[in-house]
Structures are given as C-alpha cells and as structure tokens.
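Below are the chains, spelled out letter by letter.
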Amino acid sequence: MGTRHRMCTDGHTGGMVLLVTLSVLALFATVANSAAVMSVDLGSEWMKVGVVSPGVPMEIALNKESKRKTPSTIAFRNGDRVFGEDAQTLGVRFPSNSFGYLVDLLGKTIDNPMVDMYRKRFPYYDIVEDPVRHTVVFRVGEERYTIEELIAQLLQVAKSYAEDSTGQPITECVLIVPGFYGQAERTALVSAARLANLKVLQLINDYTAVALNYGIFRRKEINETAQYFLFYDMGAYKTSAAVVSYQLAKDKATRETHPVVQVLGVGFDRTLGGLEMQVRLRDYLGQEFNKLGKTKTDVFTNPRAMAKLFKEAGRLKNVLSANTEHYAQIEGLLDEQDFRLLVTREQFEGLCKDLYERVTAPLDKALAASGLALDVINQVVLFGGNTRVPKVQDILRAHIGQELAKNLNADEAACMGAVYRAADLATGFKVKKFITKDAVLFPIQVVFDREAENGTMRQVRRTLFGAMNSYPQKKVITFNKHTDDFEFTVQYAELESVLRDETRTLGSLDLARVN
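These numbers were taken from a predicted model, which means no experiment stands behind them. (Residues numbered from 1 in each chain as written. Predicted model: local features only at pLDDT ≥ 70, side-chain atom pairs only at ≥ 80, totals over all residues. Heavy atoms only, no water.)

S.K.: Before we move on, can you summarise the overall build of the chain with the specific residues and values?
M.R.: If you tally the helices and strands in the chain, you get 13 helices and 27 strands. A globule of 515 residues ought to have a C-alpha radius of gyration of about 24 Å, and the chain, at 24 Å, matches this closely. Along the three orthogonal principal directions, the C-alpha set of the chain runs to about 85 × 55 × 50 Å. Relative to its full complement of 515 residues, the chain shows a buried share of 56%. (Helix = DSSP H or I, 4+ residues; strand = E, 2+ residues; numbered from the N terminus. Rg over C-alpha atoms; globule rule 2.2 N^0.38 Å. Buried < 20%, exposed > 50% of the residue type's maximum accessible area, 1.4 Å probe, protein only.)

S.K.: Residue-level account of empty space enclosed by the protein, with values.
M.R.: Using the criterion set out here, one finds 4 cavities of 30 Å³ or more in the structure. Its boundaries defined by the atoms lining it, the largest cavity holds a volume of some 70 Å³. The wall of the largest cavity is formed by Tyr214, Gly215, Arg218, Glu221, Ile222, Gln227, Phe229 and Tyr246. Counting only elements with at least two residues in the lining of the largest cavity, the list comes to helix H5 (206–216) and strand S15 (227–234). Class assignment of the residues belonging to the lining of the largest cavity gives a composition of 4 nonpolar, 2 polar and 2 charged. Reported here for the second largest cavity is a volume of approximately 40 Å³. As for the second largest cavity, its lining consists of Lys317, Leu320, Ser321, Arg345, Phe348, Glu349, Tyr356, Val389, Pro390 and Lys391. Taken together, the elements giving at least two residues each to the lining of the second largest cavity come down to helix H8 (345–351) and helix H11 (390–400). (1 Å grid on protein atoms, 1.4 Å probe; cavity = no way out; pocket = protein on both sides within 12 Å on 5 of 7 lines; lining within 4 Å. Points joined across faces, edges and corners; volume = space filled by probe spheres on them. Nonpolar A, V, L, I, M, F, W, Y, C, P; charged D, E, K, R; others polar.)

S.K.: Which residues make up the environment of Met47, and what values go with them?
M.R.: Looking at where Met47 falls in the secondary structure, it is placed in strand S4 (residues 46–53). For the pair Met47 and Leu154, spaced 107 residues apart in sequence, the C-alpha to C-alpha distance is 8.7 Å. Residues in contact with Met47, not counting those within four places in the same chain, are Val40, Asp41, Leu42, Lys69, Thr70, Ser72, Leu154, Val157, Ala158 and Tyr161. (Contact = heavy atoms within 4.5 Å.)

S.K.: Can you tell me about the pattern of salt bridges, naming the residues and giving the values?
M.R.: Per the counting criterion, the structure on display carries 27 salt bridges. We note a salt bridge from Asp206 to Lys238, for which the minimum N-O separation is 2.5 Å. Residue Asp206 is located in helix H5, and its partner Lys238 is located in the loop between S15 and strand S16 (239–250); the two are separated by 32 residues in the primary sequence. With respect to burial, Asp206 and Lys238 carry one shared label: buried. The residue Arg280 makes a salt bridge to Asp354 at a minimum N-O spacing of 2.4 Å. Here Arg280, found in helix H6 (residues 274–292), pairs with Asp354, found in helix H9 (residues 353–356); they are 74 residues apart in sequence, far enough to count as distant. Judged by relative accessible area, Asp354 falls into the partly exposed class, the value being 35%. One network of salt bridges, in which partners are shared, links Arg121, Glu276, Arg280 and Asp354. (Salt bridge = Lys/Arg side-chain N within 4 Å of Asp/Glu carboxyl O.)

S.K.: Explain the sheet that holds S15 to me, using residue names and the numbers behind them.
M.R.: Here 6 strands make up an open sheet; going across it, the order is S20-S15-S16-S17-S21-S24 and the pairing mixed. Strands at the two margins of the open sheet, each flanked by one partner only, are strand S20 (377–383) and strand S24 (470–471). Pairing between S15 and S16: 8 bridges, direction antiparallel. When the bridges of S16 are listed, Met234 appears paired with Thr239. Against the sheet, helix H10 (residues 361–370) engages S15, S16, strand S17 (257–269) and S20, with an angle of about 130° to S17. (Pairing = 2+ DSSP bridges. Axes fitted to C-alpha atoms, helices over the stretch in contact; angles between N-to-C directions.)

S.K.: Describe the domain arrangement of the chain, listing the residues and the values that go with them.
M.R.: Here the chain is described as being made up of domain 1 (37–203), domain 2 (207–271 + 358–409 + 434–439), domain 3 (274–355) and domain 4 (442–514). Domain 1 and domain 3 are separated by 27 Å when their C-alpha centres are compared. Across the interface of domain 1 and domain 3, roughly 1,000 Å² is buried in total on both sides, 62% from carbon and sulfur atoms. Inspection of the domain 1/domain 3 interface yields 1 salt bridge. The partner of Glu276 in a salt bridge is Arg121, and the shortest N-O contact between them spans 2.8 Å. Across the domain 1-domain 3 interface, the total number found is 3 residue pairs in polar contact (both at pLDDT 80 or more). With 3 residues, the single largest contributor to the side of domain 1 that touches domain 3 is helix H1 (residues 84–93). Here the residues of the side of domain 1 that touches domain 3 are counted per class, giving 6 nonpolar, 1 polar and 3 charged. (Domains from an automatic or database assignment. Buried area = accessible area lost by both parts, 1.4 Å probe. Polar contact = N/O pair within 3.5 Å; in protein donor to acceptor, adjacent residues only side chain to side chain.)

S.K.: If you had to explain the packing of H6 against helix H7 (residues 303–319) to someone new, which residues and values would you point to?
M.R.: The axes of two packed helices give the description: the angle between them and the distance between them. At a closest axis distance of 8 Å, the pairing of H6 and H7 adopts a crossing angle of 120°. In terms of orientation, H6 and H7 fall into the oblique class. By crossing handedness, the relation of H6 to H7 is classed as right-handed. When H6 is examined against H7, the residues Gly274, Leu275, Met277, Gln278, Val279, Leu281, Arg282, Asp283, Leu285 and Gly286 are found in contact with a partner set consisting of Met306, Leu309, Phe310, Ala313, Gly314, Leu316 and Lys317. When the residues that make up the contact of H6 with H7 are grouped by side-chain class, the tally is 10 nonpolar, 4 polar and 3 charged. (Parallel < 35°, antiparallel > 145°, perpendicular 65-115°, else oblique. Left-handed = near helix turned anticlockwise from the far one by under 90°.)

S.K.: Kindly report on the confidence of the model for the chain, identifying the contributing residues and their values.
M.R.: Mean pLDDT over the chain works out to 89, with 92% of the residues at or above the 70 mark. Confidence over residues 1–34 falls short of pLDDT 50; this stretch has 117 contacts with residues more than four positions distant or in other chains. (pLDDT = per-residue confidence, 0-100.)

S.K.: Can you lay out the nonpolar core for me, pointing to particular residues and giving the numbers?
M.R.: Core analysis: the largest hydrophobic core is formed by 162 residues, its most contacted members being Phe138, Ile151 and Phe231. If one sorts the elements of this core by residue count, helix H3 (residues 147–166) sits on top with 10 residues. Excluding residues within four positions of it along the chain, Phe138 makes contact with Phe99, Leu102, Leu105, Tyr118, Tyr125, Asp126, Ile127, Glu143, Arg144, Tyr145, Ile147 and Leu150. (Core = buried A, V, L, I, M, F, W, Y, C linked by side-chain atoms within 4.5 Å.)

Right, here's the structure in full:
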C-alpha cells in the first residue's frame, strides 16, 4: 500500500487539513497509448504471463518451449545468461550460479528473518549486504546481483513472451503480489519493473485477482443479494485465504449498476507452502543416502549433490500427490555413487506433520477477520499448485465439513484476473465494468507531536485505516491546533494483532514523512 498526501489550509478553522488517499501502489498511474497490455504472475517457482490486445481475447502467453508457465529462475555461467528450464538445468551442475525463489527476498534487508530462512534452505549461496540500502545481494566471484536486477531480467523475459504472443510492443502491465507484501516489497517490485522498462498500472493482490477472474465468468449469477466465497491458496512459499463477497451495486455518481467483488477478510501464513515440504523431503533423502555409507563424504557438504537432491525431492513430491509410493532415483549423486530409495506417501506426510497442523489457520483467520460464519460461505474455492496435495485437501474438507470447489484453473486464475484489470486500466480497451474493493491488512496511522497546555510536547497517534478497512477510499484529518508548519509520519500500526511475532518480516514500519 502507498499513501498520497495533500496539505491545504482550512479557511474555517485556520488549521491544516491532511487528505490521505490509500491505494494500491501505482494504482492509477498515467498510461501511455499502448495497444497491448500484459499481466505477470511472478511466483516463487513459476511465472505466468497474461496478454490482451485489440480484437484478441485474454490469453496466456506461451514461452519459447510453447508452455504456459516458466520456472522463475535465472542463471549465469561464462558470460551466458539463461532462464526457466535451462536455468534450472544449469543450477543442478552449478547451484550458486542459478537463482530462484527471488520474490521472497524483494525489499528485504539482510537481517530480515526471511533472508535467514533462505540461507538455511540454500546454504550454497554467497549472500552479502548492499552497503547503502542494507538489502540482499548475491555474490558470485567478482559479480554482484541485486534482487531488483534479477527480477527485472525475469520481467523482461515475460515482456518478450507477451510481445511474441501479440506481435505488438508492450510497455504496461499489472503485476500480482501476495497480499501481505508491505511497502518495501511493493516499492522494490515497481523499481524492478522500471528497470525492465515497464510501467506498472497496478499491483494487485493475488487473491483479489483470483476473485475477479472467478466473478467475471459468473457475472450472470451475481445479484443484489451478497454471495460469499472463500478462496484458499497454497503456493510454494506461502498460504493465504480470503473471504470475498459478490453483489450488484449502484454507482452513486453515474447511477449505473455494476458487479462488485469486495475482500472482507484475509488470513495468511507466509512460510507454509510446498517449498518447505520439498526441503524436508530433500533433507530426508540426504540423511538416507548418508546412512548407506556409500562414500565418506557427507552429502550435505556438497552443493551439487544438494541441488540434485532438491530437484528429485520436487519430482517425488509431485508424484506422491497421485501415488501412494514411488522411488527416488539419482544417478551419480556423490562420488559417482547412485542413489535409489522407495518413499511412501505416509513417510512424506510424516515429515510434514507439523506443517499440516497449520493448514487450517489461514482459513480460520480469514473468517474471523470478515466477521462471517462458515455456514454463510457458498463455497471454499482452491487455487495454487500445492492445494493439489491430497493431505491438504483432506484436512480442509474435514475442517469445513463440505466438499471443496476445484472449478478454477489453479495455476492461471490470478494471471487472467489481473490481465482483465490491465485492460480495464489501459487506454484502447473497453471492458465490462467489474469493481474491485480490496482490504487493508496492516493498519496505518499518522503520528505527530502536539503542544500540551503546560507547553510540553506530546506524541499523538491517529489511526487512518484499521485492519480490513476497504480501499481505495479517502479520509480527511484536520489538525486544528497547528497554524505553523509541522512534521508528521505515516506508518504501520497495531501489527501485533495481525503479525504476532512476525513483525520483523515486514521491514521498516515508516511509510512516509511529510514536512
């Protein structure tokens, strides 16, 4: 979220008035006359690109291999740069030269707990601190790579896929972000887009994009009576749930009636996802290989062997979603020794027992934040690749006491919702209006000093937007006691109730300082 400020003199009170408008960062950026626009769902593991151009329906842009999604990985070796599957392949041989799971490092300072977790999961990277911004930098020999630079190069690849698909130049986009992204992460992503010569029309939260896509294709079912849905997502890095409503509403200015999707409640767990399951399976395979005593070398000390184990763990995790057992097989894992091990789904689930205990918490938090009971929810709709894990579905089904809705493309729903929004914001398109109202996750307050009657200064805090307040919207604060210039800050507030012990993951709490 960002804040805009306008100071003006109030003629009636002689004081100062602050007008603060909350909006998604770059929500109403000035747009150029570009014929085609795109959306990018840049996830931790996969990147999907949506496109729309005049006369052509919304669609997913194919990559160079004619596939609908691309691994969010970039690698460098001997002056060459590769992306996607090629980068993953090179990463098995040279792990420290291949970079993935980057979006979770965006905007993070070197002391952020998420950076510590990244280091533990991938110990072969040489991560150093940017001397000025104190953010993450990858060091490979004499080369240095900032997260924004790497993300920018991935966005350039997305841009090339979109241009190949439409046959037109593309300069504008809508980017999808996790709802729990703070100001630092959102600003870093916009900076990366700028490096890629892209103008960001909007950063849209992933669950909002999915809810928009869901509503677009069910427009005829929406009426004046509110209908409630819960969207549950488990991705590679995180899990989230959002309660939304669909309803027809009349625009006060135009008097026209349009469908509205409004986010009412959100819950999330930013470290619960398929990646943690894969890492645990990787470590289990490594421990079992060491037990075989085929070599005196500890497999955990060899980066290349660890990269091979990680790749095989990912394959095995996916296979065990459909099969009760499967063999892990790696040729030449370490010191020319092969590795083969039968792994059952039961063993895999045992490794992740504590993770499964956290599956329902985001759903419960979303319901609590919305103030709604489960029995008024029409459907619980799944999206995100790791909702395909049978154990996750079993837990959710038992928790809600009803069948789960799987009538959504789990991989592409967010991307298609975002590209519809891109067409709505860009010039050159006319789409049927579908209003989106998101919700504030982290409360925002204004902090300033005020002179007390005894002449001392005291600090005053005023909440602008509480948790789950709808946006975009405007609020006005009047500073009656101030007739001279003064200073105030806009910052996050009351985070303990939202993040509990995870406040440090958000980074700086200050959003803006106004003089």
